[in-house]
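Given next are the chains, with one letter for each unit.
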Amino acid sequence: MAGNWKMYKTPAETNAYFEAFVPLTRDSGHADIVICPPFPALATAVAAAEGTAIQVGAQNLYWGREGAFTGEVSGPMLKAAGCSHVIVGHSERRQFFGEGDAEVARKAVAALDAGLTPIVCVGEKLDDREAGRTESVLMTQIAGALGAMSAAQFAALVVAYEPVWAIGTGRTATPQMAAEAHAIIRRECQRLFGDEAARLRILYGGSVKPENTPALMAQQDIDGVLVGGASLDPQSFAAIVNY
Ligand code: 13P
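Residues numbered from 1 in each chain as written. Predicted model: local features only at pLDDT ≥ 70, side-chain atom pairs only at ≥ 80, totals over all residues. Heavy atoms only, no water.

1. Quick word on helix H5 (residues 101-113)
Here is the rule we go by: A helix here means a DSSP run of H or I that spans at least four residues, while a strand means a run of E at least two residues long, and both kinds are numbered starting from the N terminus. A helix is expected to span 1.5 Å for every residue after the first. Using a 1.4 Å probe on the protein chains alone, a residue whose accessible area is under 20% of its type maximum counts as buried, one over 50% counts as exposed, and one in between counts as partly exposed. Whether two residues touch is decided by their heavy atoms; if any such pair falls within 4.5 Å, the residues are in contact.
Helix length check: H5, at 13 residues, gives a terminal C-alpha distance of 18 Å against a target of 18 Å (1.5 Å per residue), a fit within 8%. Within the span of H5, buried status applies to Val104, Ala105, Lys107, Ala108, Ala110, Ala111 and Leu112. Those residues of H5 that are buried lie in contact with strand E4 (85-88), helix H4 (91-97), strand E5 (117-122), helix H7 (134-146) and helix H8 (151-155). Directly after H5, the chain includes Gly115, whose backbone phi takes a positive value near 80 degrees.

2. Some details on helix H11 (residues 234-241)
Counting buried residues in H11 gives six out of eight residues, a clear majority hidden from the surface. Listed in full, the buried residues belonging to H11 are Pro234, Ser236, Phe237, Ala238, Ile240 and Val241. Here the buried face of H11 lies against strand E1 (2-4), helix H1 (11-24), strand E2 (34-36), helix H10 (213-217) and strand E8 (224-227).

3. Points about the packing of H1 against helix H2 (residues 42-49)
Spelled out, the test is: Angles run from 0 to 180 degrees between N-to-C directions of axes, and those axes are lines fitted to C-alpha atoms, restricted for helices to the stretch in contact. Angle categories: roughly parallel below 35 degrees, roughly antiparallel above 145, roughly perpendicular from 65 to 115, and oblique for all the rest. Two helices cross in a left-handed way if the nearer one is turned anticlockwise from the farther one by less than a right angle. They cross in a right-handed way if the turn is clockwise. Amino acid classes used here: Ala, Val, Leu, Ile, Met, Phe, Trp, Tyr, Cys and Pro are nonpolar; Asp, Glu, Lys and Arg are charged; the rest, including Gly, are polar.
For the pair H1 and H2, the least separation of the axes is 9 Å and the interaxial angle reads 25 degrees. Here H2 runs roughly parallel to H1, going by the angle between their axes. Relative to H2, H1 is oriented so that their crossing is right-handed. Of the residues in H2, those touching H1 at Pro11, Thr14, Asn15, Phe18 and Val22 are Thr44, Ala45, Ala48 and Ala49. Among the residues making up the contact of H1 with H2, the classes are represented as six nonpolar, three polar and no charged.

4. Observations regarding the packing of aromatic side chains
Convention followed: By convention, a stacked pair of Phe, Tyr or Trp rings (six-membered ring in the case of Trp) has centres within 6.5 Å and planes under 30 degrees apart, an edge-to-face pair has planes over 60 apart, and any other such pair is tilted. Should the NZ of a Lys or the CZ of an Arg lie within 6 Å of a ring centre and within 35 degrees of the ring normal, that charge is described as sitting over the ring.
If you walk through the whole model with that rule in mind, you get nine aromatic pairs. Where Tyr161 meets Tyr204, the ring centres are 6.2 Å apart and the plane angle is 50 degrees; that geometry is what we call tilted. A residue pair is termed long-range when its members are at least 10 positions apart, and Tyr161 in strand E6 (residues 158-161) and Tyr204 in strand E7 (residues 201-205) qualify at 43 residues. Linked through ring pairs, Trp5, Tyr17, Phe18, Phe21 and Phe237 together constitute an aromatic cluster. When the ring centre of Trp5 is taken as reference, the NZ or CZ atom of Lys9 above it lies at 5.4 Å.

Put into structure tokens, the structure is as follows:
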């Protein structure tokens with residue numbers, strides 16, 4: 001159960017959040033919980049999560065180790081800061097910052113090299129869905145991001161399906177639509193990596209709320225959720241985690 005805070009919350013707000021969230025999830029051993037704050041709040045989140053089962057992830061990274069790349073942050077830096085995960089290829093990165101599948105692939109491998117678990121995001125846009133291109137878009141994104149990986153690399157990552165038209169819009173994919181997309185993703189991973197695909201965790205993201213989580217999580221191929229807006233409130237994210 002992963003929360004993507006996007007560009008929200010200062011370090012002080014992060015502390016306040018964890019004060020409320022930690023007691024609400026102390027007994028939530030059924031799930032792995034990851035919170036992904038913006039870079040300046042990572043150290044605060046790592047400190048606040050100490051002694052709990054909550055893990056901390058970043059929202060982006062660059063594939064270089066270090067160097068003259070103004071404004072970028074590397075995988076080893078995130079690892080050293082206490083992160084366990086990093087979101088890669090979020091649709092907002094693709095849409096607003098020009099990332100394509102080739103960058104996503106390099107970033108995912110860089111994350112793995114640094115010992116981080118990449119949460120690799122894929123998802124179709126509204127016009128793709130309306131034109132019946134959902135399956136081909138997902139297959140292209142999966143093959144483009146993961147296709148050159150080894151089986152061991154594939155085994156160490158998480159995929160998130162986030163239909164772009166469902167992000168922040170209040171329009172959730174129906175559990176059925178999400179399940180179909182997850183099945184497409186698993187099938188493509190099966191083609192690339194064989195039986196290891198059965199163990200892949202695929203998260204659903206896009207207007208996940210406490211109310212729609214149980215029906216999403218009941219779908220066979222939905223192994224977790226990646227939550228934006230509803231993860232910003234500790235009560236609502238705890239209700240999602242404890243669905
Ligand atoms: P919302 O939950 O706000 O729709 O965002 C989904 C998302 O993009 C998570 O990465």
